[in-house]
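# Observations on the three-dimensional arrangement
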Amino acid sequence: MSSNQGSSPIPQSSGGTSDGLFRKPRDPSTAPRHYRTPRSLPDVCPKEPPGEGRALCEGPSVVVDQHRWTVYNSKVNLPAALNDPRLAKRESDFFTKTWGLDFTETDVMPSFYLPNISREHFSSYLQETAQREKIHERCKNICLNKDDLSVPTITNNHDKARAELEQVPKIFMKPEFVLNDPATFNAVLPWSHFSVAGGKNSRDVASSRLLQEKLSHYLDVVEVSIARQISLRSEAFFHAMSSQHELQDRLRETADAVAKLRARTAAIDRVMCRGPLRVLRDALTRNNCIKLHNKLKLMAAVHQTQPTVQLLLSTSEFVGALELIATTKEVLQQELQGIHSFRHLGSQLCEMERLIDKMMVADFSTYTQSDLNRAFEEDSQVLEKDRLQSLVFGLLRQRKLDFLDIYSEEMIRAAKNIVRQCVVKSVLQISEIDADTVKFHEQMRLMTFPQWFDLLLDIFEHFILFLKRIKATLSVIRNMVLEVLDSSQRSRLADVSSATNHSDGRTNEEEEEAESGGPALHSGEAELAYLTHEGLFISDALNEAEQRSNAAAHAQLRAQTHTETCGSDSASATTESSSSREHNSNTTSSLPIGGAAVISEDVMPSDLELSRVANNVQELLYTASDVSHDRCVKVLMTRAKDGSLERLSSSEFVCLSQAVESFVRDTEELCGRRSMSLRGALQSQANRFVQRFHEERKTKLSLLLDNERWKQAEVPAEFQDLVDSIADGRITLPERKPTGCEDRKPSEFLCVDGQKYAVVGTVLLLIRMFLEYCQCVNDIPSITTDILTRLADLLKHFNSRSCQLVLGAGALQVVGLKTITTRNLALASRCLQLVVHYIPVIRAHFETRLQPRQYSIVRHFDHITKDYNDHIAEISAKLVAIMDSMFEKALSKYEVKAPMPSACLRNVCKQMAKMHEAIHELLPEEQTQMLFLRINASFKLHLKRQLARLGVGNDGGPQYGLVMVDVAFYSENVQALRSLEHLDLNMPEIWEQKR
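Just so it is clear, the structure is predicted and the values come from calculations on it, not from any experiment.

### Points about the overall build of the chain
Across its full length, the chain holds 32 helices and two strands. Per-residue burial over the chain gives 37% buried out of 995 residues. Surface exposure of the chain reaches about 58900 Å², of which carbon and sulfur atoms provide 54%.

Okay, here's the thing in structure tokens:
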């Protein structure tokens, strides 16, 4: 059924679709051309004022629109209301209806994924609906539809109704028709047709009557049209009314059924539900009372926190007091938050915690003072180990990680006191020093070296005990820090594993619930409806139901632990530290479970901080070693301020060096690190000692050389023993034997490796001097390079000064010698040869004491050896030069005449005999022979020149014979000298070779 409320239905045009639907009439301007608009009667008022359509008010008019149909009056025929009368044709399908008329239909390819549907697919449905379809067709035949009326009749009625409605002016049909609008009112009632004078003439009466009749005619046309529309839809109206009555009857039956159901539900609630719900409410009330009771007990335990903390502090149980304060603060924040009576307790606990921090720091400082300043005669074990562990744990817990600075400061003060006490004790034993009038530093300078050395050894001993005590204490602290670090790591691993197990268990429970179809209904869910009805949260109800059993167990546990707490509070006043800790654990156990563990994990320093503290403990031990060395350096520098250490003898300085080295080794073994301050100070003093040692010996050597008369000296037996010890490979000074133990005569020569050395007394002392240098290297290895340099300087000084005195004839003025004889020269040469013999031995000795990177220093000995050899060669040349000048003077007067041998040759042989007599005992045979070979060559050269001058040749004449007589005499005299018997003189070289 498709119709329109505003006009009679019209059939579709012959050219339209034949679907049996009807459309609303269009405006006259858009109406089809084949409809002829009926001619209206002449009207005194225009139907629509031109140009004023938009000026009309958009609101509805009470006068004009009171009988006009609008969309607000639609009550039936909703499909007709939804049809758009403005469309030229109806939508043919879904796409044009939804997407517009511009949608173009295209052929769609059949889908490969959808099956081909045929009539056989609907066979079962058609069989099921066949009976109902037959009934429907029968009903259609019985009840004829008014739409089946003849089309011509409907068309004629529609044209007639349309023609009548078109007589009504369009202004009455507009939705914005409002008589309040003056323009609309003037258009409906044209006052211009009435007289303005105010009088009523016949024309005005006729016009008004005509207007009234016209308006009545319009009203009749509209009423007839409405009645026609209602008659066409009377069947639908009657059907709706019957349906309304049937609906009212069904609603009445439903209301009765609901009333009965409510009565029955109320009876069920009264009989079956109120009692059980009252039981649940009472159980909830009981649980609330239990919680309140436990909360009150918890408040009572918290109320006892301050007295308990004071009791713990009276026994110096700082850790227990801090744990109790932390646990109480946690309880205040979680369990007792918002309690008015405890509003100031949190700030009071924080103030007590700060007070405990100060007390722990002060107590640790006091403990450190008593530990470091106690008498060294006592046991070196840790003082009050339990107290120290408690203090360290408390300081770590409060993150007071700077407590090691306190220990360091006290350690420095204790080190100063150790030195002062040792000095005071030593001064009391020395009657020559008045401790009241002499300053502290002057007291050490007034001591003799043995007294001061004993004081230094005493200080070393006290510092060793001091370091042992510090090491024991720091070991306890470090072990405590490492235990806390290990506990933190283990607890973290346990938390991770427990979290993993918890997640695995929860997953298993969920899987079990899924397999069983969900959790079974329990008592907590049974009371869920009541709790929700009472206004509680559903999550709270579920949580309460799940933890009901745990709440009772926790309440019982708290009650028991509270009872134990009361007993432990009364007993903790007389217990030691261990029992106080047990009391503390009992006290904290009365608070919520797990609070203390969480607090201890949160307040403890991190692993990185604990590792840093452990490293600082080890560094503090190193610092203790450095402090001890620094105080010893002060003692050493105080003594060395006036140069006392520089004036020590070699043996005394060696004793000092050995004592310092022993102390350094002991501290290195004890602390695990080498401190360099004391060694540096000793090295500085050793350098000064070496400088003074060298200057003394260099000055002594200079004095010996200046007083040396360069005569052969006797060699005492002790010097021979000294040389023999060097030959055995021991470059050390032998111990001095008591005088008179062995009476051995001195020898003329010094025997070294089978050779005899004629020496002067200065060389003997020089040998002892460089042995003293070598001994210093053995005793003080740190001064090896400095000693080597000084020894090289000493050897150079001896070489240069002896050259000045002998070759330079400086001894003539210094000592007062009349002349430098050949014996003096030979003796000096032999002394230099002895020193050159020992230079390789000294070099090998120093190489064993040097590092490989220091081997370049020993090159000094190569230069010294070269200088000595050059000096020896110069002395030999000097001896030859002496004879050469004598040969030149004597042979210049030589004449070849009888008697033979000539006087000149006799004089030459006499001088050579004197030369041989002077040196043959001093120099070895090889050197004597080499020297006389050079002298003989000089003699042959001068004789050859003189013979050439005289014109004597090797011609066998008389003069040749006389010369041969002199030559034979010379050869016999020279070869007659000791050790020159087999000397090849090669005398034929005196003759010039004939060309």
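### Notes on the packing of aromatic side chains
Evaluation of the coordinates by the stated rule reveals 15 aromatic pairs. Measuring from ring centre to ring centre gives 5.4 Å for Phe364 and Phe403, while their planes differ by 85°; the resulting arrangement is edge-to-face. Residue Phe364 is found in helix H10 (residues 345-372), and its partner Phe403 is found in helix H12 (residues 403-428); the two are separated by 39 residues along the sequence. For the pair shown, Phe364 and Phe403 are each scored as buried. Ring geometry for Phe770 versus Tyr838: centroids 5.9 Å apart, planes at 50°, classification tilted. Note that Phe770 is positioned in helix H25 (residues 761-779) and Tyr838 in helix H28 (residues 822-847), a separation of 68 residues in sequence. Ring pairing ties together the aromatic residues Phe653, Phe689, Phe693 and Tyr773, which thus form one cluster. Against the face of Tyr757 rests Arg830, its NZ or CZ located 3.9 Å from the ring centre. The aromatic ring of Phe969 is capped on one face by Arg906, whose charged end is 5.5 Å from the ring centroid.

### As for the pattern of salt bridges
Under the defined criterion, the tally for this structure stands at 20 salt bridges. The salt bridge involving Arg692 is made with Glu696; its shortest N-O contact spans 2.3 Å. Placement of both Arg692 and Glu696 in helix H23 (residues 677-707) is noted, with a separation of four residues, approximately one turn of the helix. The class of Arg692 is buried, set by a relative accessible area of 13%. Judged by relative accessible area, which is 42%, Glu696 ranks as partly exposed. We note a salt bridge from Lys698 to Asp793, for which the minimum N-O separation is 3.1 Å.

### A look at unusual backbone geometry
Note the cis peptide between Ala898 and Pro899, where omega equals -5°. Relative to the helices and strands, Pro899 resides in the loop between helix H29 (859-891) and helix H30 (903-919). The residue after Met900, namely Pro901, is reached through a cis peptide bond having omega -5°. One can find Pro901 in the loop between H29 and H30. Although it is not a glycine, Ser979 sits at a positive phi angle of roughly 70°. Here Ser979 lies in the segment after helix H32 (958-975). A relative accessible area of 13% places Ser979 in the buried class.

### What about a nonpolar patch on the surface?
On the surface, a cluster of nonpolar side chains totalling about 410 Å² of accessible area is made up of Ile117, Phe122, Tyr125 and Leu126. Within the secondary structure, Tyr125 sits in helix H3 (residues 123-142).

### Overview of helix H9 (residues 318-334)
The end-to-end C-alpha distance of H9 is 24 Å, a good match for the 24 Å that 17 residues give at a rise of 1.5 Å each. Taken across its 17 residues, H9 has 14 buried, putting it largely inside the fold.

### Examining the nonpolar core
Counting 195 residues, the largest nonpolar core has Trp452, Phe466, Leu656, Ile767 and Tyr970 as its most contacted members. Looking at this core, the element that brings in the most residues is helix H14 (residues 449-516), giving 19 residues. Setting aside chain neighbours within four positions, we find Ile767 in contact with Leu722, Ile726, Leu750, Leu834 and Tyr838. If you look at the next biggest cluster of nonpolar residues, it comprises eleven residues, including Leu165, Ile171, Ala187 and Val188.

### A few points about the confidence of the model for the chain
Per-residue confidence for the chain gives a mean pLDDT of 75; residues scoring 70 or more make up 73%. Helix H16 (residues 528-533) is the least confidently modelled element of the chain, averaging 36 in pLDDT, while H29 averages 92, the highest of any element. Note on residues 516-601: pLDDT is under 50 here. Beyond four places in sequence and across chains, it has 87 contacts.

### Here we look at helix H24 (residues 717-727)
Along an α-helix, residues three or four apart share an orientation, since each turn contains 3.6 residues. Of the positions making up H24, those classed as buried are Ala717, Phe719, Gln720, Leu722, Val723, Ser725 and Ile726. Lining the buried residues of H24 we find strand E1 (750-752), H25 and H28.

### Side note on a negative patch on the surface
Judged by side-chain charge, Glu714, Glu748, Glu917 and Glu921 come together as a negatively charged surface patch. Residue placement: Glu748 occurs in the loop between H24 and E1.

### Points about the packing of H10 against helix H11 (residues 385-397)
Where H10 meets H11, the closest approach of the two axes is 10 Å, and the angle between their N-to-C directions is 145°. For H10 against H11, the interelement crossing comes out left-handed. Only Arg387, Leu388, Leu391, Gly394 and Leu395 of H11 make contact with H10, whose side of the interface consists of Met360, Val361, Asp363, Phe364 and Tyr367. Residues belonging to the contact of H10 with H11 are distributed by class as follows: seven nonpolar, one polar and two charged.

### Some points on the environment of Ala877
Position of Ala877 relative to the elements: it lies in helix H29. A sequence separation of 57 residues divides Ala877 from Arg934, and the C-alpha atoms of the two residues are 9.1 Å apart.

### Concerning the environment of Cys776
When you line up the elements, Cys776 lands in helix H25. In this structure, the C-alpha to C-alpha distance between Cys776 and Val690, residues 86 residues apart in sequence, is 8.9 Å. Excluding its chain neighbours within four sequence positions, the residues that come into contact with Cys776 are Phe689, Phe693, Ile783 and Ile787.

### Let's talk about the side chain of Glu410
Relative to the assigned elements, Glu410 resides in helix H12. For Glu410, a relative accessible area of 6% gives the class buried. Here Glu410 is in contact with Ser365, Thr368, Gln369 and Leu372, once residues within four sequence places are set aside.

### Observations regarding the state of the cysteines
Linking two cysteines covalently via their sulfur atoms produces the bond known as a disulfide. Counting across every chain of the model gives zero disulfides. With no disulfide of its own, Cys776 lies 9.3 Å from the sulfur of Cys774, the closest cysteine sulfur. With relative accessibility at 3%, the residue Cys776 sits in the buried group.

Rules of the game
Residues numbered from 1 in each chain as written. Predicted model: local features only at pLDDT ≥ 70, side-chain atom pairs only at ≥ 80, totals over all residues. Heavy atoms only, no water. Helix = DSSP H or I, 4+ residues; strand = E, 2+ residues; numbered from the N terminus. Buried < 20%, exposed > 50% of the residue type's maximum accessible area, 1.4 Å probe, protein only. Areas by Shrake-Rupley, 256 points an atom, 1.4 Å probe, with all protein chains shown as cover. Phe/Tyr/Trp six-rings, centres within 6.5 Å; stacked < 30°, edge-to-face > 60°. Lys NZ or Arg CZ within 6 Å of the ring centre and 35° of its normal. Salt bridge = Lys/Arg side-chain N within 4 Å of Asp/Glu carboxyl O. Patch = residues over 30% accessible without salt bridge, like charges linked within 9 Å, V, L, I, M, F, W, Y side chains within 5 Å. Expected span 1.5 Å × (residues − 1). Core = buried A, V, L, I, M, F, W, Y, C linked by side-chain atoms within 4.5 Å. Contact = heavy atoms within 4.5 Å. pLDDT = per-residue confidence, 0-100. Lys, Arg positive; Asp, Glu negative; His and termini not counted. Charge placed at Lys NZ, Arg CZ, Asp CG, Glu CD. Axes fitted to C-alpha atoms, helices over the stretch in contact; angles between N-to-C directions. Left-handed = near helix turned anticlockwise from the far one by under 90°. Nonpolar A, V, L, I, M, F, W, Y, C, P; charged D, E, K, R; others polar. Disulfide = S-S within 2.5 Å.

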